[in-house]
Amino acid sequence: MSYVGTRPTLDADSHLMELPGFLDPYIEAPMRERLRGRDMAAAAPLLDHATAQAERRRTDADARAEAEERLLRDKGWAAMGSFDPAERSRVVDLLGVDGQLVFATFAATMFLGRDRDLLHAGSAAHNRAVAAFCADDPRLLPVAFVPLVDTERAVALLEEAIALGCAAVHVPSTAAGDRSPTHPHLDPFWSLLEGSGLPFVLHVGGGGRLLDRAFHENGRPVTDHLGGGENIRSKDFLAISGSPSLFLGAMVLDGMFDRFPALRGGVIEEGASWVVSWLHQLDFAQRAFRRTEAPLAELTRRPSEYVHGHLWFTPFPGEPVGWMVEQAGDDLFMFSTDYPHPEGGRDPLAKFEEAMPDVPEASRDRFYYGNMADLLGPSLVPARSGAGV
């Protein structure tokens, strides 16, 4: 029996763990030398151990069986299938999910910044590399990355991502350079995305720094949950909804879902309990400002109704999903494992089940499968694979 059993399940968040040179085969030589940290030297001891363990699993049945027993306990590079696509297919068998979105982990840090040539060359290489990782298993759904600071280049990146067979497009949850992501200048991008049938997704990290680092300088320093100081800590978590709520609020209030009625979007690994109050905040914003802001009066629906028709969200394991469904409806929230990142925990299914004691079975089906299927659209939902293993 697989981890999820016989329940139809789609996984809205998983990751691959890059090895050194991950982007190298997919980027032109002059740009390759401009990538930052591509040798990943700081992680060398972890990488050496992880690649040695992966080789053991390939040649030693006992090591492979032990790793399968530890499927959700091993994290990062140590996890099965974190960097080997063939082994990742076995992981999907063991999980029993019918498909999972696959994001990269570190690649974008090698090219993000003000150098637009590097930004777009790196983004293209990222998309080719993630698509290649997923190419041999239709259950692995590659997520492209497309920055929006240059419309012409964004359109070119999107065209290639579509041709590569990517299943979703990660856009940063920030302003598009010196413009809003809703500015008509970007309409060619949004029009192409809508016509392609692909959803856009936002993801933690896509909004840049979560808060002013001065808030961590309190005389009582703590490490993050991974043991360092650069990942998310408690005060970062308080700010995690800031960029997606503002980005999507702008999309709603500026009428983007009237202009592009087939556009769909997801918010991944940024929590979801905030959505309950945000829906009310959106409607209040329209009521409070519609007399002075003509675009608000031109909306054909209440802002919250656009959210219900076009957007979906992944809660963290442990969030009160039952309460969220009761307050906001069963059509907004999606299951995810975050495999193989530690944020997903050792038993996300149990955590979610514990948080939904009174949720009807039909609503659970939407949480585990139907809502992500709606995000993807019928042409992108993988064929049912059964219970796995």
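Structure: above.
These notes cover the structure that comes with them. (Residues numbered from 1 in each chain as written. Predicted model: local features only at pLDDT ≥ 70, side-chain atom pairs only at ≥ 80, totals over all residues. Heavy atoms only, no water.)

## Some thoughts on the nonpolar core
- Judged by nonpolar contacts, the single largest core of 73 residues is most densely connected at Phe189, Trp190, Phe200, Phe313 and Phe333.
- Not counting residues within four places of it along the chain, the set of residues in contact with Phe333 comprises Ala272, Val275, Phe313, Pro315, Met324, Val325, Ala328, Arg366, Phe367 and Asn371.
- Membership of the second largest hydrophobic core comes to 41 residues, among which are Val102, Met110, Ala129 and Tyr339. (Core = buried A, V, L, I, M, F, W, Y, C linked by side-chain atoms within 4.5 Å. Buried < 20%, exposed > 50% of the residue type's maximum accessible area, 1.4 Å probe, protein only. Contact = heavy atoms within 4.5 Å.)

## What about the sheet that holds strand 5 (residues 200–203)?
- Overall, parallel pairing links the seven strands, which are arranged 1-2-3-4-5-6-7 in an open sheet. The open sheet has two edge strands with one neighbour each: strand 1 (10–15) and strand 7 (311–313). Across the sheet, the mean angle from the axis of one strand to that of its neighbour is 30°, orientation sign disregarded.
- Sheet topology note: the strand 6 (residues 265–268)/strand 7 ladder contains three bridges and is parallel. Its bridge partner lying in strand 7, Gly266 is registered against Trp312. (Pairing = 2+ DSSP bridges. Helix = DSSP H or I, 4+ residues; strand = E, 2+ residues; numbered from the N terminus. Axes fitted to C-alpha atoms, helices over the stretch in contact; angles between N-to-C directions.)

## With respect to the pattern of salt bridges
- Here the structure, examined in full by the defined rule, presents 21 salt bridges.
- A salt bridge links Glu361 to Arg7; its shortest N-O distance comes to 3.1 Å. Of the two residues, Glu361 sits in helix 16 (residues 361–376) while Arg7 sits in the segment before strand 1, which places them 354 residues apart along the sequence.
- Judged by its relative accessible area of 46%, Glu361 falls in the partly exposed class.
- Its salt-bridge partner being Asp93, residue Arg139 comes within 2.7 Å of it at the nearest N-O pair. Taken as a pair, Arg139 in the loop between helix 5 (116–134) and strand 3 (140–145) and Asp93 in helix 4 (residues 85–95) lie far apart in primary sequence, 46 residues in all.
- The class of Arg139 is buried, set by a relative accessible area of 13%. (Salt bridge = Lys/Arg side-chain N within 4 Å of Asp/Glu carboxyl O.)

## Notes on helix 4
- Here helix 4 has its buried residues at Glu87, Arg88, Ser89, Val91, Val92, Leu94 and Leu95.
- Its buried side turned inward, helix 4 meets strand 1, helix 2 (44–59), helix 3 (61–69), strand 2 (99–103), helix 5 and strand 3.
- At the N-terminal end of helix 4, a side-chain oxygen is found 2.9 Å from the backbone nitrogen of Ala86, two or three residues along, and the residue is Asp84.
- Where helix 4 ends, the next residue or the one after it, Gly96, has phi of about 80°, a positive value. (Polar contact = N/O pair within 3.5 Å; in protein donor to acceptor, adjacent residues only side chain to side chain.)

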